[in-house]
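Listed below, chain by chain, are the residues.
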Amino acid sequence: MTSRGRVGLLVNPTAGRGVGRVAGAHVLSTLQRLGHPVTDLSGLDFASTARAARERAGEFEALVVVGGDGLVHAGLEAVAGTSTALGIVPAGTGNDLARGLDLPLGDPVRSAELVSTALHEGRSRTVDAVRVGSNWFGSILASGVDALINERANSWRWPRGPARYTLAAVRELAVVRGLPMRITLDGTTVEQECLLVAVANTRSYGGGILMAPDADPTDGLLDVVVVDRLPPIAALQLFPRARRGAHLKLPAVHVHRVRSVTLEVLPGAAQPHPHADGEPFGHLPITCTVVPGALRVLG
């Protein structure tokens, strides 16, 4: 059972080149000053911190995460579908889930105060989350060349921030043409060659690329963005347009609003590893189903 008022805190001290450590200390002192019993669940590394979230989230009224998309994803997986609320203090380089939930970016102190006020007032809002088997994600699942881009960007230590994703996109789009995919949208199946299929609950990935600019995490629907196979030059032109959401005007881009989608690469083709919330996320085939109101968010 959740004890009212108890707060679990997750901090990634390496997020945002040390911003996470400073923000985490501020969050801890602010919550304690407001009278909330806080338990710091942060481990020595990311893996131990994420494990603590999974194992202990149910003990708390709220789980407050200070870090980037990776740690926020771990916190979301721990609390989605439960009564424990999620507080987010963005302190990473991408911060796409916070961006998609219209939370303030670039000011961890202000974010900490908003979380603290919401806790003090007992205020939260419900948003949708996406279920994949026993797992969850909150922003966008990448399954085509965008998954390959994510994987390559995660393997690089330089440059930091969105520039790393941009360079990885140039590298992958220069060689990837398309993947033969079977896509089932609310029971209707199509087969086609795709550059990518992005399953979106919120608007952006890759540090602000507006792949699904109209996605609404409160409408009970997924925005499934399908991009047809493109020649190299057209593919390279896609992502600069997607950064501002202008790609939806292209004839090769299609948006489907559904409750559930199954993605499968046809036999004989290369198998990209899906990424969701910027993190590796299982294998294809994969079925994503939106669960309305599955997540309580502070602020």
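Described in the following lines is the structure provided in the data block. (Residues numbered from 1 in each chain as written. Predicted model: local features only at pLDDT ≥ 70, side-chain atom pairs only at ≥ 80, totals over all residues. Heavy atoms only, no water.)

Quick notes on the overall build of the protein chain
What counts is decided by this rule: Each helix is a run of DSSP H or I of at least 4 residues and each strand a run of E of at least 2, with the numbering of both proceeding from the N terminus. When a residue's accessible area, from a 1.4 Å probe over protein chains only, is under 20% of the maximum for its type it is buried; when over 50% it is exposed; and in between it is partly exposed. Contacts were defined at the residue level, with two residues in contact if any of their heavy atoms lie within 4.5 Å. What sets the accessible areas is the Shrake-Rupley method with a 1.4 Å probe; for residues, cover comes only from the shown protein chains.
Scanning the protein chain from N- to C-terminus turns up 8 helices and 15 strands. By residue count, 53% of the 299 residues in the protein chain fall in the buried class. Sequence separation of at least 24 residues holds for 72% of the intrachain contacts in the protein chain that already meet a minimum separation of 6. If you sum the accessible surface of the protein chain, you get close to 12,600 Å²; carbon and sulfur atoms cover 53% of it.

Observations regarding the pattern of salt bridges
Threshold: When a carboxyl oxygen of Asp or Glu lies within 4 Å of a side-chain nitrogen of Lys or Arg, that pair is called a salt bridge.
Evaluation of the coordinates by the stated rule reveals 9 salt bridges. In this structure, the salt-bridge partner of Arg123 is Glu121, at a minimum N-O distance of 3.1 Å. Overall, the relative accessible area of 37% leaves Arg123 in the partly exposed class. Put simply, Glu264 and Arg182 hold a salt bridge, and the shortest N to O gap is 3.1 Å. Of this pair, Glu264 sits in strand S12 (residues 260-265) while Arg182 sits in strand S8 (residues 179-185); the two residues are 82 residues apart in sequence, bridging distant segments of the chain. Residue Arg182 is classed as partly exposed on the basis of its relative accessible area of 24%. Each of the salt bridges in this network shares a partner with another, and the network as a whole consists of Arg182, Glu191 and Glu264.

What about the environment of Ala246?
Looking at where Ala246 falls in the secondary structure, it is placed in the loop between helix H8 (232-243) and strand S11 (253-258). Taking the C-alpha atoms as reference, Ala246 lies 8.9 Å from Pro213; in sequence the two are 33 residues apart.

A closer look at unusual backbone geometry
Cis geometry is found at the peptide bond from Leu284 to Pro285, where omega equals 0 degrees. As for its position among the elements, Pro285 is in the loop between strand S14 (279-280) and strand S15 (286-297).

Concerning helix H3 (residues 69-79)
Where burial is concerned, most of H3 is hidden: 10 out of the 11 residues are buried. Among all positions in H3, only Asp69, Gly70, Leu71, Val72, His73, Ala74, Gly75, Leu76, Ala78 and Val79 are buried. The first or second residue beyond H3 is Gly81, which carries a positive phi of 80 degrees.

Here we look at helix H2 (residues 46-56)
Selection rule: For the purposes of these results, a polar contact is taken to be a pair of N or O atoms within 3.5 Å, where, inside protein, one atom must be able to donate a hydrogen and its partner to accept one; residues adjacent in sequence count only when each atom of the pair is a side-chain atom.
Along H2, the residues that are buried comprise Ser48, Thr49, Ala50, Ala52 and Ala53. For H2, the capping residue at the N-terminal end is Asp45, with a side-chain oxygen 3.4 Å from the backbone nitrogen of Ala47.

What about the packing of H2 against H3?
Stated precisely, the cut-off is as follows: For every element, the axis is a line fit to its C-alpha atoms; helices are fit only across the contacting stretch, and the angle between N-to-C directions ranges from 0 to 180 degrees. Between 65 and 115 degrees an angle is taken as roughly perpendicular, under 35 as roughly parallel, over 145 as roughly antiparallel, and anywhere else as oblique. Helix crossings are classified by the rotation of the near helix relative to the far one: an anticlockwise turn of less than a right angle makes the crossing left-handed, while a clockwise turn makes it right-handed. Under the scheme applied, nonpolar residues are Ala, Val, Leu, Ile, Met, Phe, Trp, Tyr, Cys and Pro; charged residues are Asp, Glu, Lys and Arg; polar residues are all the others, including Gly.
For the pair H2 and H3, the least separation of the axes is 8 Å and the interaxial angle reads 20 degrees. Comparing their axes, H3 and H2 come out roughly parallel. Where H2 crosses over H3, the handedness of that crossing is right-handed. Residues Phe46, Thr49, Ala50, Ala53 and Arg54 of H2 form the contact with H3, whose own contacting residues are Gly70, Leu71, Ala74 and Ala78. Residues belonging to the contact of H2 with H3 are distributed by class as follows: 6 nonpolar, 2 polar and 1 charged.

Some details on the environment of Thr49
Inspection of the secondary structure puts Thr49 in helix H2. When the C-alpha atoms of Thr49 and Val11 are compared, they prove to be 7.8 Å apart, with 38 residues separating the residues in sequence.

Overview of the side chain of Asp69
Note the threshold: Under this rule, positive means Lys or Arg and negative means Asp or Glu; His and the chain ends count for nothing.
With respect to the element layout, Asp69 can be found in helix H3. At 6.2 Å, Arg99 is the nearest oppositely charged side chain to Asp69, a buried residue that forms no salt bridge. For Asp69, the side chain forms a polar contact with the main-chain nitrogen of Asp96, separated by 2.9 Å. With residues near it in sequence (within four places) discarded, Asp69 still touches Gly94, Asn95, Asp96, Leu97 and Asp277.

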